[in-house]
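# Close look at the chain arrangement
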Amino acid sequence: MNKDTCVKLCCDTTMPIVALGVWKSGENTKQAVLDAIDAGYRHIDTAAAYHNEEAVGEAIKESGIKREDLFITTKLWNEDIRKHRVREALMDSLHKLQLDYVDLYLMHWPAEGYVEAYLEMEKLKDEGYIKAIGVSNFRRSHLENLLANVHKIPSVDQLEINPQFQDLETMEYCKENKIRLEAWSPLGSGSCLYLPEIERIAAKHQKSTAQIILRWLLQKGIVVLPKSVHKERIIENINLFDFELTETEMLVMDHLNIHKRTGPDPDHFNF
Ligand code: A2P
């Protein structure tokens, strides 16, 4: 892996800063992962709840890339947190992915019982089934409670972050505690692609609006997980390393925050 395209996690693991997201990739998952690996992606982000771990596993196997050169993330689903099925859930994911370990195992949402589940994840890390553990959709209040009750700081918090939705309170807390941020739906599920301010910056750099948004996140040190099932977009979404946004452009992007979520609120979810 190229060092410019990787970031370090607090547990000393190295992670590629661009990942292919496969939420809702459905029957196109296997081909999307193969196209992504072909385009140079080495980080794939899936979850038990996406029901496509088998397809990701098949693509990894077919790609012929060495296991140690790939970074694979999957996530523990809420029902498995509530039912204290952490070990079984991880073994099930590993089986579907055809892997002996995952590079990053995330708790998908702060479902009831998340502290106990996290303590179990810590044990599984010590046993070698997980290289790094982290959380997803944890707001500052969840993180404060977690950190008061566990042994290892989560390496990562994967949040909804896009130009129109930045949870600054949680983002600041993560920075203070050296928890690496990852942005899910960085393009706002497509809703941020036609904002005139971003179109103007894109025209200046002769890049697409998707590339401007992803570059803005990278320059903040935030790992991005753009989802696409189209090869040309998959290629476009990792071609982010031959230009740089100015300080002024970064500020223009920062100011697009209107606190508009595209997904569920971690303080009020019912699944
Ligand atoms: P598709 O999978 O059909 O390519 P997010 O990652 O924020 O959830 O956004 C994903 C959405 O944006 C999907 O609908 C995806 O569609 C679309 N998308 C991903 N990359 C691009 C791109 N470079 N240009 C335009 N649309 C994109």
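Residues numbered from 1 in each chain as written. Predicted model: local features only at pLDDT ≥ 70, side-chain atom pairs only at ≥ 80, totals over all residues. Heavy atoms only, no water.

## Some points on the overall build of the protein
What counts, and what does not: Only DSSP runs of H or I with at least four residues qualify as helices, and only runs of E with at least two residues qualify as strands; both kinds are numbered from the N terminus onward. The globule rule is 2.2 Å times the number of residues to the power 0.38, and the radius of gyration it is compared with is taken over C-alpha atoms. Contact definition: two residues touch when any of their heavy atoms are within 4.5 Å. Using a 1.4 Å probe, accessible areas were evaluated by the Shrake-Rupley method; residue-level cover was limited to the displayed protein chains. Neither His nor the chain ends is counted toward charge; the positive residues are Lys and Arg and the negative residues Asp and Glu. Each charge is placed at NZ for Lys, CZ for Arg, CG for Asp and CD for Glu.
Looking only at helices and strands, one finds eleven helices and ten strands in the protein. Relative to a compact globule of 271 residues, whose C-alpha radius of gyration would be 18 Å, the protein shows 18 Å and is just as compact. Contacts in the protein between residues at least 24 apart in sequence constitute 75% of all its contacts with a sequence separation of at least 6. Looking at the protein as shown, the accessible area adds up to about 12300 Å², and 47% of this sits on carbon and sulfur atoms. Positive and negative charge centroids in the protein, built from 33 and 43 side chains respectively, lie 2 Å apart.

## A word on the site of the ligand
Rules: In this text, near means that some heavy atom of the residue lies within 4 Å of the molecule or strand in question. N or O atoms within 3.5 Å of each other form a polar contact, as long as, within protein, one can give a hydrogen and the other can take it, and as long as residues adjacent in sequence are counted only when both atoms are side-chain atoms. Basically, the charged four are Asp, Glu, Lys and Arg, the nonpolar ten are Ala, Val, Leu, Ile, Met, Phe, Trp, Tyr, Cys and Pro, and anything else, Gly included, counts as polar.
Of all residues adjacent to the ligand, which total 16 residues, the nearest are S185, L187, K227, S228 and R233. Here K227 contributes a side-chain N or O atom positioned 2.8 Å from an oxygen atom of the ligand. V229 is positioned with one of its backbone polar atoms (N or O) 3.0 Å from an oxygen atom of the ligand. In isolation the ligand exposes 570 Å². Once the protein is present, 83% of that is buried. For the shell around the ligand, the class distribution of residues is six nonpolar, seven polar and three charged.

## Some points on the sheet that holds strand β5 (residues 71–76)
Here is the rule we go by: A pair of strands is labelled paired if DSSP reports no fewer than 2 bridges between them. Each axis is a line fitted through C-alpha atoms, and for a helix only the stretch in contact is used; angles between axes span 0 to 180 degrees, taken between their N-to-C directions.
Read across the open sheet, the eight strands follow the order β3-β4-β5-β6-β7-β8-β9-β10; overall the sheet is parallel. Each edge of the open sheet is held by one strand with a lone partner, namely β3 (20–21) and β10 (223–224). In the sheet, strand β6 (residues 102–107) pairs with strand β7 (residues 130–136) via five bridges, with the strands oriented parallel. Following the sheet pairing, V102 is matched in β7 by I130. Docked against the sheet, helix α4 (residues 86–97) engages β5, β6 and β7, running at close to 135 degrees with respect to β6.

## So, the state of the cysteines
Rules: Any pair of cysteine sulfurs within 2.5 Å is marked as a disulfide.
Tallied over the entire structure, the rule returns zero disulfides. The thiol of C174 is unpaired, and the distance to the nearest cysteine sulfur, on C10, comes to 11 Å.

## Here's the deal with helix α6 (residues 140–149)
Filter applied, for reference: Buried residues are those whose accessible area, probed at 1.4 Å on protein chains only, stays under 20% of the maximum for their type, while exposed residues exceed 50% and partly exposed ones sit between those limits. Arc definition: it is the arc formed by the directions from the helix axis to the C-beta atoms.
Within α6, burial applies to H142, L143 and L146. One side of α6 carries all its buried residues, which in axial view fall inside an arc of 95 degrees. In this structure, the buried residues of α6 make contact with α5 (114–126), β7, β8 (156–160) and α7 (168–176).

## Observations concerning the packing of helix α9 (residues 209–219) against helix α11 (residues 247–254)
Put simply, the rule reads: Should an angle lie under 35 degrees it is considered roughly parallel, over 145 roughly antiparallel, and from 65 to 115 roughly perpendicular; all remaining angles are considered oblique.
The interhelical angle for the contact between α9 and α11, taken along N-to-C directions, is 105 degrees, at an axis separation of 11 Å. The orientation of α9 relative to α11 falls into the category roughly perpendicular. On α11, the residues touching I212, I213, W216 and Q219 of α9 are M250, M253 and D254. Residue composition of the contact of α9 with α11, grouped by class: five nonpolar, one polar and one charged.

## With respect to the packing of aromatic side chains
Remark: the centre distance and the inter-plane angle together describe each pair of aromatic rings, the angle taken between the planes. The cut-off we apply is this: In this scheme Phe, Tyr and Trp rings, the latter by its six-membered ring, pair at centre separations within 6.5 Å, and the angle between planes marks the pair as stacked below 30 degrees, edge-to-face above 60, and tilted otherwise.
This structure, assessed with the given rule, holds five aromatic pairs. Arranged with centres 5.9 Å apart and planes meeting at 5 degrees, the rings of W77 and F271 form a pair that is stacked. On the criterion of sequence distance, the pair formed by W77 in the loop between β5 and α3 (78–82) and F271 in the segment after α11 is long-range, its members being 194 residues apart. Among the residues examined, F271 registers a relative accessible area of 32% and is labelled partly exposed. Seen in terms of ring centroids, Y114 and F138 are 5.0 Å apart; in terms of plane orientation they differ by 75 degrees. Their pairing is edge-to-face.

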